[in-house]
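Overview (structure and organization)
The lines below spell out each chain.
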Amino acid sequence: MRHSTLRQLEVFEAIARLKSFTRAAEELFLTQPTVSMQAKKLADEIGLPLFEQVGKKIYLTDAGKEFYQTCLVIFEHFSRFEMIASDMKGLKSGKLRLAVVTTAKYFTPRLLGMFCQKYPGIDVALKVTNRERVLERLTNNQDDLYILGQVPDAIDAVAEVFLDNPLVVLAAADHLLANEKKITVDRICDEPFIMREPGSGTRMATERFFLEHNHKLKVRMELGSNEAIKQAIVGGLGIAVLSRHTLALDAPMGQLAILDVEGFPIERHWYFAYPSGKQLSIVAQTFLEYLRQASDYLEDLSCRHAISGHCPLLKNE
Ligand code: PGA
């Protein structure tokens, strides 16, 4: 076992948690053959198989289950040490591990940019993925902080609202409904709809809205990215419900219109969250405080101008 590397443990932990070599490779930015090879080397070192494959499914063997628990303890100790070490160094250095939902990418990197200008020694690891995956990471305590929509009651987490997230109906600017007022939900349901992928928070809120109004959407297409959806709208493929934040960056200028539909915008909010009982590092606490202050600026103009580089917050107060 002495020859096993930390990287191999990391690879093993990801496969065991995700029950998939492909997803583990994706998460670690490795190729699948590399992941398989590392897992095999580890099993050879241990002298016991750690996984078994039945059909397409991966299962942990008994040795694999024991080893998974050992890995969790090792990683927990490492991250506690990292935290102590960076707290000892104060804010001069340290790491901030953030996981945010896809739609939060429209403001998070810029917020981080300003934060890092003030604390240049802090390294940031930012994971952007959909709501379902972020909740999975939160449950597994994989990062320092999370930015997402409301956290389900079933997950034991501390969560605080810091920003509004209005969901609007978007259509091509030359759509025949673009200039209409007070469009009914009924009327919207006649239009072909473009929907985010399963697991997306935007999709969940949209489905809930139409279900509550007893309406069924004509979903023409599912796409896993807000950007692809905006392009599809401009291309005349349909209309969609997306966060207004998605208009902040690279919006196909003047080619999209927000429709005036009854009941919209759907009022959603951005929360930061972390597992209850988690001991936050000084770096994470400082970032939280920064988010709380930044929310005042972000509220304004759906954060577009405030985050485009002139947020007064970080000009050495
Ligand atoms: P999404 O999440 O990017 O996964 O759609 C956004 C949200 O929860 O509002």
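Residues numbered from 1 in each chain as written. Predicted model: local features only at pLDDT ≥ 70, side-chain atom pairs only at ≥ 80, totals over all residues. Heavy atoms only, no water.

This part is about the domain arrangement of the protein chain. Segmenting the protein chain into domains produces domain 1 (6–69), domain 2 (92–164 + 269–304) and domain 3 (167–267). Measuring from the centre of the C-alpha atoms in domain 1 to the corresponding centre in domain 3 gives 40 Å. (Domains from an automatic or database assignment.)

Counting through the fold element by element, Thr-129 comes out in strand β4 (residues 122–129). Overall, the relative accessible area of 14% leaves Thr-129 in the buried class. Here Thr-129 is in contact with Val-100, Val-101, Thr-102 and Val-134, once residues within four sequence places are set aside. (Helix = DSSP H or I, 4+ residues; strand = E, 2+ residues; numbered from the N terminus. Buried < 20%, exposed > 50% of the residue type's maximum accessible area, 1.4 Å probe, protein only. Contact = heavy atoms within 4.5 Å.)

Among the 13 residues in the neighbourhood of the ligand, the closest are listed as Thr-103, Ser-200, Gly-201, Thr-202 and Arg-268. Between Thr-102 and the ligand, the recorded distance is 3.4 Å, taken from a backbone N or O atom to an oxygen atom. Residue Gly-201 places a main-chain N or O atom 3.0 Å away from an oxygen atom belonging to the ligand. Protein contact buries 100% of the 280 Å² of open area that the ligand shows by itself. (Near = heavy atom within 4 Å. Polar contact = N/O pair within 3.5 Å; in protein donor to acceptor, adjacent residues only side chain to side chain. Areas by Shrake-Rupley, 256 points an atom, 1.4 Å probe, with all protein chains shown as cover.)

This next bit is on the nonpolar core. Counting residues in hydrophobic clusters, the biggest one holds 36 residues, and the most contacted among them are Leu-96, Leu-145 and Phe-287. Every element with two or more residues in this core is listed here: β3 (94–101), α5 (108–118), α6 (131–139), β5 (145–148), β6 (157–172), β11 (266–275) and α10 (282–299). Ranked by residue count, the leading element in this core is α10, at 7 residues. When residues no more than four places from it in sequence are discounted, the contact partners of Leu-145 are Leu-96, Arg-97, Leu-98, Ala-99, Ala-273, Tyr-274, Leu-280, Ala-284, Phe-287 and Leu-288. Within the second largest apolar cluster, 22 residues are counted, among which are Phe-21, Ala-24, Phe-67 and Cys-71. (Core = buried A, V, L, I, M, F, W, Y, C linked by side-chain atoms within 4.5 Å.)

Attention now moves to the environment of Asp-144. By secondary structure assignment, the location of Asp-144 is in the loop between α6 and β5. Note: C-alpha distance between Asp-144 and Thr-102 (42 residues apart in sequence) is 18 Å. Ignoring anything within four residues of it in the chain, the contact list for Asp-144 reads Lys-95, Leu-96, Arg-97, Tyr-274, Lys-278, Leu-280 and Ala-284. Of the polar contacts made by the side chain of Asp-144, one reaches the backbone nitrogen of Arg-97; its length is 2.7 Å.

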